Amino acid sequence: MENLKTWLYFLFLSLLSWASTAPTSLADGVTPDEALELRDEVREMFYHAFDGYMEYAFPLDELRPLSCAGEDSLGGYALTLIDSLDTLALLGDRERFTLSVEWIGKNLRFEINKTVSLFETSIRVLGGLLSAHLIASDYATGMRIPSYDNQLLDLAVDLAHRLLPAFDTPTGIPYGSVNLLHGVDEHESKITSTAGGGTLTLEFGVLSRLTNDPIFYQVAKKAVRGLWARRSRLNLVGAHINVFTGEWTQKDAGIGTSIDSFYEYLLKAYLLFGDEEYLFIFQEAYAAAMHYLYNDPWYVEVNMDSAAIVWPLFNSLQAFWPGLQVLAGDIDPAIRTHTAFFSVWQRYGFTPEGFNLATLTVQHGQKSYPLRPELMESTYWLYKATRDPRYLDAGRDMVTSLQNGARCPCGYCHISDVEFQKKEDHMESFFLAETVKYLWLLFDLAVGPDNLVENGPYKYIFSTEGHLLPTTPEISPVWGNGSYIGGYCNRGDSKQEPHPSDVTNDTKETNGRTFYGGWVSSESPPDSSIFKANSVSGLIKGRCPGLTHGQKYGIQYLGSTSRTEEEDESKQHRESTQQRQRTVIQSHSVLLVSDQSADYSVSDGNNDNGVPESIDKGSESNPQ
């Protein structure tokens, strides 16, 4: 075992060296004129694919861009059009946005005998309808449709009610699929992914706010609580779970496949709704991920109970993580990880679904690139946070790869093998909802933004499908004129002895100081005025809850552990804590405040409880 640990240690040192020495761009720096040209080129990319869909595939779900045909891939209800609505609005295309909204309002119905994915239907269809409704119904957006009368909202309500039977389980964690006409089939699988059960909060929560019907918010939150209550003692969650028994059927913990957006929606649900319980969970989940999964600059998959490495693998869905870290205020590790992930893109022209960190080769059976947006998303957020031109260079390389390697007669094709640049006759709807959207936002930001997100009347939260959800008073009334969130918090606030399941036992510490992370609010954007690429990350201080999530909200560990094992773990925890007090343990670059054994003094308007009383109003934040 020690030999294995030593080998892994030197492996990651070599990987760090390989990633950090990879070229940061394939060409000279992007000039302002070129950024304008690239923005227009990305706009043309969108319309090449959108027009191809409308001409050859509509009203089927998705386009076959090589054969110029269509296919139903989800429910048979013009999926790509619904997914593209807010991108049309973002581009300022009033005519096509209006025509699309009117067609959907008149023709779309969900009373169909189709079994659909709860996760995909929620993030693509429900999210697309809600985002477009909020844009079409509001004069302040500049895209108000005079004839619009809440048709998309009515469709969203109908769809959500048809999805509700999926939540009828003993754990509150929903089934993965549901029939839109008949509910859950009696033979439906009881196994679902953590992302599938824990990535419903934004769409269902917005619907509750718009309808004043709490049921949607409640079932989505119950699902998150059901998953978190079954976390391991290390505050890690697995990939798949039985929704009836609550037993994990796949215990691999990671930030990518089957888990990724669970982390994302914890932070974003707090940013959008101000529900502190989501912040508590995110604090603990993020700290555990950074401790057990982070091997600077890469992330691995581990056993959720023992933290033993299962897969030293980069999978393409992990690429969203640096963008989430920007929203969390943890910039420095985000920069290093993005550099590593982008080096894989540079090597192949795309990111394969899996890249083996032990062999530095594409993982067998995971050679495809299905036009995923995650790396573009993180590139946009890091440029927004740092204004470092390297991210424009990265964006240009991505555009070049898509144009040279993925462009097809009627749209953009999946790449079935990144090593040989083989094309596949399929185009996911998220290419128009996310991939080109984040690239367009990146270059528009560089030339002086003039769009709904950067200059509109509201600050927007991006859903995991890239849909725009505004922080209007109707949806986010808690924020008012500005508020702190996040926190490098004084651990001495709590007088209770923490339950071992309610804390990350190995929280990163340095000289008796505890890391809780740093978060930015939807009123306090991660832009260049706050963050610098070479600065200490997480400079925003905020709420310091003191209690753990379990202590405050009563969500205790539900695993089956004997009393003897609990006592042994508690003893090990105390011994580990004492050892850390005697040893200086280096963490990644974060701002830290002393624990109760040191003086705690903050001069930014904090009261005795460590809660900021005021904040300077500043620039915007747009969570993913």
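Residues numbered from 1 in each chain as written. Predicted model: local features only at pLDDT ≥ 70, side-chain atom pairs only at ≥ 80, totals over all residues. Heavy atoms only, no water.

The chain is annotated in an unreviewed UniProt entry as alpha-1,2-Mannosidase of Tripterygium wilfordii. UniProt's Subcellular location (unreviewed entry) comment on the chain is quoted here verbatim: "Endoplasmic reticulum". Its UniProt record gives the chain a comment under Sequence similarities (unreviewed entry), which states: "Belongs to the glycosyl hydrolase 47 family." (UniProt positions renumbered as here; feature names shortened; annotations may be inferred.)

Trainee: When you look at helix α6 (residues 151-163) in this model, what are you seeing that I'm missing?
Mentor: Each turn of an α-helix holds 3.6 residues, which means side chains three or four residues apart point in the same direction. Helix length check: α6 (13 residues) gives 19 Å between terminal C-alpha atoms against 18 Å at 1.5 Å per residue, within 8%. Every buried residue of α6 is listed here: L152, L153, L155, A156, L159, A160, R162 and L163. (Helix = DSSP H or I, 4+ residues; strand = E, 2+ residues; numbered from the N terminus. Expected span 1.5 Å × (residues − 1). Buried < 20%, exposed > 50% of the residue type's maximum accessible area, 1.4 Å probe, protein only.)

Trainee: Any chance you could explain the pattern of salt bridges here in plain terms?
Mentor: Close approach of charged atoms allows side chains of opposite charge to pair. Scanning the entire structure with this criterion turns up 25 salt bridges. D40 serves as the salt-bridge partner of R39, at 3.7 Å between the closest nitrogen and oxygen. D51 serves as the salt-bridge partner of R96, at 2.7 Å between the closest nitrogen and oxygen. With R96 in helix α4 (residues 94-107) and D51 in helix α2 (residues 32-56), this pair connects stretches of sequence that are 45 residues apart. Owing to a relative accessible area of 30%, R96 belongs among the partly exposed residues under this scheme. Linked by salt bridges that have partners in common, E62, E120, R124, E428 and E465 make up one network. (Salt bridge = Lys/Arg side-chain N within 4 Å of Asp/Glu carboxyl O.)

Trainee: Help me out: how do you make sense of the UniProt feature "binding site: Ca(2+)" (unreviewed entry) in the chain in this one?
Mentor: Mapped onto this numbering, the UniProt entry gives "binding site: Ca(2+)" (unreviewed entry) at T464. Turning to its location among the elements, T464 is positioned in the loop between β20 (460-462) and β21 (468-470). A polar atom in the side chain of T464 sits 2.9 Å from the side chain of E264. (Polar contact = N/O pair within 3.5 Å; in protein donor to acceptor, adjacent residues only side chain to side chain.)

Trainee: Just checking my understanding: could you explain the packing of aromatic side chains for this structure?
Mentor: In this structure the tally under the stated criterion is 30 aromatic pairs. With centroids separated by 5.5 Å and ring planes inclined at 10°, the aromatic side chains of F46 and F50 adopt a geometry described as stacked. A residue pair is termed a helical-turn pair when its members lie 3 or 4 positions apart in one helix, as F46 and F50 do in helix α2 at 4 residues. Exposure remark for F46: the relative accessible area of 1% places this residue in the buried category. Judged by centre distance (5.4 Å) and plane angle (20°), the ring pair of F282 and Y286 falls under stacked. One end of the pair, F282, and the other, Y286, are both in helix α11 (residues 276-292), 4 residues apart, so they sit about a helical turn from each other. The exposure class assigned to F282 is buried, which follows from its relative accessible area of 0%. (Phe/Tyr/Trp six-rings, centres within 6.5 Å; stacked < 30°, edge-to-face > 60°.)

Trainee: Please explain unusual backbone geometry as it appears in this structure.
Mentor: Peptide bonds are, in most cases, trans, and in most cases residues other than glycine have a negative phi. A cis amide bond links F58 to the next residue, P59, at an omega of 10°. Within the element layout of this structure, P59 appears in the loop between α2 and β1 (62-64). Here the amide bond leading from D296 into P297 is cis, since omega sits at 5°, within 30 degrees of zero. Position of P297 among the secondary structure elements: in the loop between β9 (294-295) and β10 (298-299). You will see that A307, though not glycine, has its phi angle at about 70°, which is positive. Relative to the helices and strands, A307 resides in the loop between β11 (301-303) and β12 (309-311). Residue A307 is classed as partly exposed on the basis of its relative accessible area of 22%. One non-glycine residue, R387, lies in positive phi territory at about 55°. Examined against the element boundaries, R387 turns out to sit in the loop between α14 (374-386) and α15 (390-406). Look at R387 and you get partly exposed, because its relative accessible area is 33%.

Trainee: Can you walk me through the sheet that holds strand β6 (residues 240-242) in this structure?
Mentor: What holds strands together in a sheet is hydrogen bonding between their backbones, with the strands either parallel or antiparallel. Reading across from one edge, β5-β6-β7 is the order of the 3 strands in this open sheet, with antiparallel pairing throughout. Sheet topology places β5 (191-193) and β7 (248-250) at the edges, where each strand pairs with a single neighbour. Strand-to-strand twist in this sheet, taken as the mean axis angle between neighbours without regard to direction, amounts to 35°. Across 2 bridges, the pairing between β6 and β7 is antiparallel. When the bridges of β7 are listed, I241 appears paired with W248. (Pairing = 2+ DSSP bridges. Axes fitted to C-alpha atoms, helices over the stretch in contact; angles between N-to-C directions.)

Trainee: Explain the side chain of H48 here, please?
Mentor: Structurally, H48 can be placed in helix α2. Residue classification places H48 among the buried positions, given a relative accessible area of 17%. Among residues more than four places away in sequence, those in contact with H48 are R407, C408, P409, C410, G411 and Y412. (Contact = heavy atoms within 4.5 Å.)

Trainee: Hey, could you run me through the nonpolar core in this one?
Mentor: Taken as a class, soluble globular proteins show a tendency for nonpolar side chains to be buried jointly. Within the largest apolar cluster, 168 residues are counted, with the highest numbers of intra-cluster contacts made by F97, F204, W321 and L402. Considering each element in turn, this core owes the most residues, 11 residues, to helix α5 (residues 118-136). Once you skip the residues sitting within four places of it in the chain, L402 turns out to touch M45, F350, Y369, L371, M376, R407, Y412, F431, T435 and L439. (Core = buried A, V, L, I, M, F, W, Y, C linked by side-chain atoms within 4.5 Å.)

Trainee: How do you make sense of the sheet that holds strand β13 (residues 313-315) when you look at a structure like this?
Mentor: Pairing is antiparallel in the open sheet, where 3 strands are placed in the order β13-β14-β15. Across the chains shown, the open sheet's two edge strands, defined by having one partner strand only, are β13 and β15 (361-362). Bridge count between β13 and strand β14 (residues 354-356): 3 bridges; the pairing is antiparallel. Bridge assignment links F314 to a residue of β14, and that residue is F355. Across the sheet, helix α13 (residues 331-348) is in contact with β13, β14 and β15; its angle to β14 comes to roughly 100°.

Trainee: When you look at the state of the cysteines in this model, what are you seeing that I'm missing?
Mentor: Here, the word disulfide means a covalent bond between the sulfur atoms of two cysteines. Summed over the entire model, instances satisfying the criterion amount to 2 disulfides. With a sulfur-sulfur separation of 1.7 Å, C68 is cross-linked through a disulfide to C410. Measuring handedness by torsion sign, the sulfur bridge of C68 and C410 sits at about 80° and is right-handed. In this pair, C68 is assigned in the loop between β1 and β2 (69-71) and C410 in the loop between β16 (407-408) and β17 (411-412), connecting sequence segments 342 residues apart. Note that C408 is cross-linked by a disulfide to C413, the S-S spacing being 1.9 Å. Across the disulfide from C408 to C413, rotation about the S-S bond amounts to roughly -135°, and the bridge is consequently left-handed. Since its relative accessible area comes to 5%, C408 is described here as buried. A relative accessible area of 0% means that C413 is categorised as buried. Sequence-ordered numbering of the bonded cysteines in the chain yields a pairing of 1-3, 2-4. (Disulfide = S-S within 2.5 Å.)

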